[in-house]
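# Notes for the structure review
One-letter residues, chain by chain:
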Amino acid sequence: MMGPRVTPETAASEGLESLMCRYQQADEEAASALIGRVSPLLFRYFLVQASNRRYADDLLQETWMRIHKARHAYRRGEPALPWIFAIARHTGLDHYRKARRFETREKQVAVLPEPAAANPDPPREGPDLDTILAALPERQREVIVMLKISGMTIDEVARATSSSAGSVKQKAHRAYQKLREVFSAGRRMR
Amino acid sequence: MTSGEMDKILAKAADRALPRGAEAAAIGRVEGAILKDLRPVRPLAPAWVFTLSFVALFAAAAAASASALGMHGLPVLSGLQRGLIFPALLATAWLAAAACTRAMSPAAGSRLGGAALVLAVGVFPIVFALVFHDYDARNLVREGIPCLVAGLCVAIPTGLAIAWILRRGFVLDWSAAGIAAGALSGLAGLTMLELHCANLKAIHVIVWHVAVVLVSGMLGLGIGSIAGAARRRAVSQPC
């Protein structure tokens, strides 16, 4: 029996889990709605991790190719966002490992010219994201990015990272302690 | 500084660094590629179906191989020994089966394979020390090697069958899947030995029978790591 037809309007208000099930049944509207709703979150996640627009584009595409290949492994009723982010996380890790492999093999054959002096940055209100996140160890940074940048819940982050909610809470708590020290030091400097 | 204030600083910094809508072109490309290749797929069966299948495979492998080799161990075990050993084996196998099921799907929960292996290698020496009291260590190696070999001869094909089922899903972490599969197949080998081996010397059972689980788990980890590295290399090849 066929399910009810999904229009773009209904797809926009549907849960990700329901969209995921319809995507498994090859529903084009549901697939488009899912891509449209999840991609901005994934893109922000990758942009923070990679700090490079082109890498973020590549990682987004690679992640969706893997999601497409793995879509049969999504089980009805399971939270969809952690499922997608678990794949995104592994895609990022694979690219990171590959980049490191290339870096260790690369040899500089010529001395690079001195880069031109950068224009002074316009005055900012508050520290920039790179500075904030650079203060954190990798695992704490990942948790903070998922919680605060991608807007996931603690349980969703725990599922996406294959760890427990307690461990995620602990990492977030330690990250906040560290950030509190960084912000306090910044205020004293000013 | 409160957590709320820090949340605001983070949100402002994120909005400045990550402008919304910058990903529109990339989304268009993704959508084009996916819609072009959109076909219906059959979702994985519920998790309990796979867990039950893995436990059934474990039990079938152990029972069939023990029947083939001869059930010389079962008749010489007392009621207490049977009552302690076999339920402990079943419980640990259930845990390892659940770990295999979790490895098949992304974000299916925390990894249990390592826990199952540590539990098997840590708990069974205690269980065996409680139920076997003959601590004679003569001919330890000569009597032990055939048991280790027989246990691994059961564990390896069982592990291959588990890997075949694992491929039905989408394994993200092949090392974790390898440990889980190795632990479960090692437990099948250990169960076969408890049914087949009539040697009830405590040291023999603790060292050589438990070694089947340890070696199988390590083999699973090694093969899983190699499979994971090969898959990563295949995925990251430029088109």
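Residues numbered from 1 in each chain as written. Chains lettered and ligands numbered in written order. Predicted model: local features only at pLDDT ≥ 70, side-chain atom pairs only at ≥ 80, totals over all residues.

## A few points about the overall build of chain B
Of the regular secondary structure elements, chain B holds 8 helices and 0 strands. Computed over the C-alpha atoms, the radius of gyration of chain B is 24 Å, more than 25% above the 18 Å expected from 2.2 N^0.38 for a compact globule of 239 residues. With respect to the principal axes defined by its C-alpha atoms, chain B has extents near 75 × 50 × 30 Å. When the 239 residues of chain B are sorted by exposure, 41% land in the buried category. Of all intrachain contacts in chain B linking residues separated by at least 6 positions in sequence, the fraction that spans at least 24 positions is 88%. (Helix = DSSP H or I, 4+ residues; strand = E, 2+ residues; numbered from the N terminus. Rg over C-alpha atoms; globule rule 2.2 N^0.38 Å. Buried ≥ 20, exposed ≤ 12 C-beta atoms within 10 Å, placed from the backbone. Contact = placed C-beta atoms within 7 Å.)

## Side note on the overall build of chain A
When you go through chain A residue by residue, the secondary structure sums to 9 helices and 0 strands. Going from N to C terminus, chain A has its helices and strands arranged as α-α-α-α-α-α-α-α-α. Across the 190 residues of chain A, 39% fall into the buried class. Sequence-distant contacts, at least 24 apart, represent 56% of the contacts inside chain A between residues at least 6 apart.

## As for unusual backbone geometry
One can expect most non-glycine residues to show negative phi and most peptide bonds to be in trans. Of note in the backbone geometry, A:Ala26 takes a positive phi value of approximately 70 degrees without being a glycine. Structurally, A:Ala26 can be placed in the loop between helix H2 (16–24) and helix H3 (28–50).

## Re the domain arrangement of chain A
Residues and elements named next belong to chain A. On domain assignment, one finds that chain A holds domain 1 (10–102) and domain 2 (128–190). At the junction of the two partners, domain 1 supplies 11 residues and domain 2 supplies 12 residues. When residues of the side of domain 1 that touches domain 2 are assigned to their parent elements, the largest contribution, 5 residues, is made by helix H5 (residues 80–105). Among the residues forming the side of domain 1 that touches domain 2, the class breakdown is 8 nonpolar, 1 polar and 2 charged. (Domains from an automatic or database assignment. Nonpolar A, V, L, I, M, F, W, Y, C, P; charged D, E, K, R; others polar.)

## Some remarks on the domain arrangement of chain B
As far as domains go, chain B holds domain 1 (3–36) and domain 2 (47–235). Taken over C-alpha atoms, the centre of domain 1 of chain B sits 46 Å from the centre of domain 2 of chain B.

## Regarding the interface of chain B and chain A
On the chain A side, the residues contacting the 44 residues of chain B number 51 residues. Elements that contribute at least two residues to the side of chain B that touches chain A include exactly helix H1 (3–17), helix H2 (24–36) and helix H8 (202–235) of chain B. Looking at the side of chain B that touches chain A element by element, the count peaks at 10 residues for H1(B). Of the residues assigned to the side of chain B that touches chain A, the class counts are 26 nonpolar, 6 polar and 12 charged.

## Notes on the environment of A:Ser167
Along the chain, A:Ser167 turns up in helix H9 (residues 165–189). Along the chain, A:Ser167 and A:Ile154 lie 13 residues apart, while their C-alpha atoms are 9.7 Å from each other.

## Some details on the nonpolar core
Residue and element names in this part refer to chain B. Counting residues in each nonpolar core, the largest one holds 114 residues, and the members touching the most others are Phe 58, Ala 96, Cys 100, Ala 180, Ala 183, Leu 184 and Leu 187. For this core, the element with the highest residue contribution is helix H7 (residues 174–196), accounting for 14 residues. Excluding its chain neighbours within four sequence positions, the residues that come into contact with Leu 184 are Phe 54, Phe 58, Ala 93, Ala 96, Ala 97, Cys 100 and Ile 162. (Core = buried A, V, L, I, M, F, W, Y, C linked by C-beta atoms within 7 Å.)

## Some words on the confidence of the model for chain A
Residues and elements named next belong to chain A. Here chain A averages 78 in pLDDT, and 73% of its residues register 70 or above. Taken element by element, the predicted model of chain A shows its lowest mean pLDDT in helix H1 (residues 8–13) (53) and its highest in H2 (91). Of the regions scoring below 50 in pLDDT, residues 1–6 engages in 5 contacts with residues more than four places distant in sequence or in other chains. (pLDDT = per-residue confidence, 0-100.)

## Examining the packing of helix H5 (residues 113–131) of chain B against H7(B)
Geometry of a packed helix pair, given as the angle between the helix axes and the separation of the axes. All names here are of chain B. Orientation of H5 relative to H7, taken along the N-to-C sense of each, is 35 degrees, at an axis distance of 8 Å. H5 and H7 meet at a crossing whose hand is left-handed. Facing H5, whose interface residues are Gly 113, Gly 114, Ala 116, Leu 117 and Ala 120, H7 presents Ala 176, Ile 179, Ala 180, Ala 183 and Leu 187. Looking at the contact of H5 with H7, its residues break down into 8 nonpolar, 2 polar and no charged. (Axes fitted to C-alpha atoms, helices over the stretch in contact; angles between N-to-C directions. Left-handed = near helix turned anticlockwise from the far one by under 90°.)

## Examining H5(B)
For the α-helix, the turn length of 3.6 residues means that residues three or four positions removed from each other point alike. Residue and element names in this part refer to chain B. The terminal C-alpha atoms of H5, which comprises 19 residues, lie 27 Å apart, in line with the 27 Å expected from a rise of 1.5 Å per residue. Of all bends in H5, the biggest is about 25 degrees, found at Val 123, and the proline Pro 125 comes one to four residues later. When we look at burial in H5, the residues that qualify are Gly 113, Ala 116, Leu 117, Ala 120, Phe 124 and Phe 128. (Expected span 1.5 Å × (residues − 1). Bend = angle between axes of the 7 residues up to and from the residue.)

## Some thoughts on the packing of helix H4 (residues 53–70) of chain A against H2(B)
Direction vectors running N to C along H4(A) and H2(B) enclose 25 degrees, while the axes themselves pass 10 Å from each other. The pairing of H4(A) with H2(B) is recorded here as roughly parallel in orientation. Considering only the axes of H4(A) and H2(B), their crossing is right-handed. Residues A:Asp57, A:Leu60, A:Gln61, A:Trp64 and A:His68 of H4(A) form the contact with H2(B), whose own contacting residues are B:Ala26, B:Arg29, B:Val30 and B:Ile34. Per-class residue counts for the contact of H4(A) with H2(B) are 5 nonpolar, 2 polar and 2 charged. (Parallel < 35°, antiparallel > 145°, perpendicular 65-115°, else oblique.)

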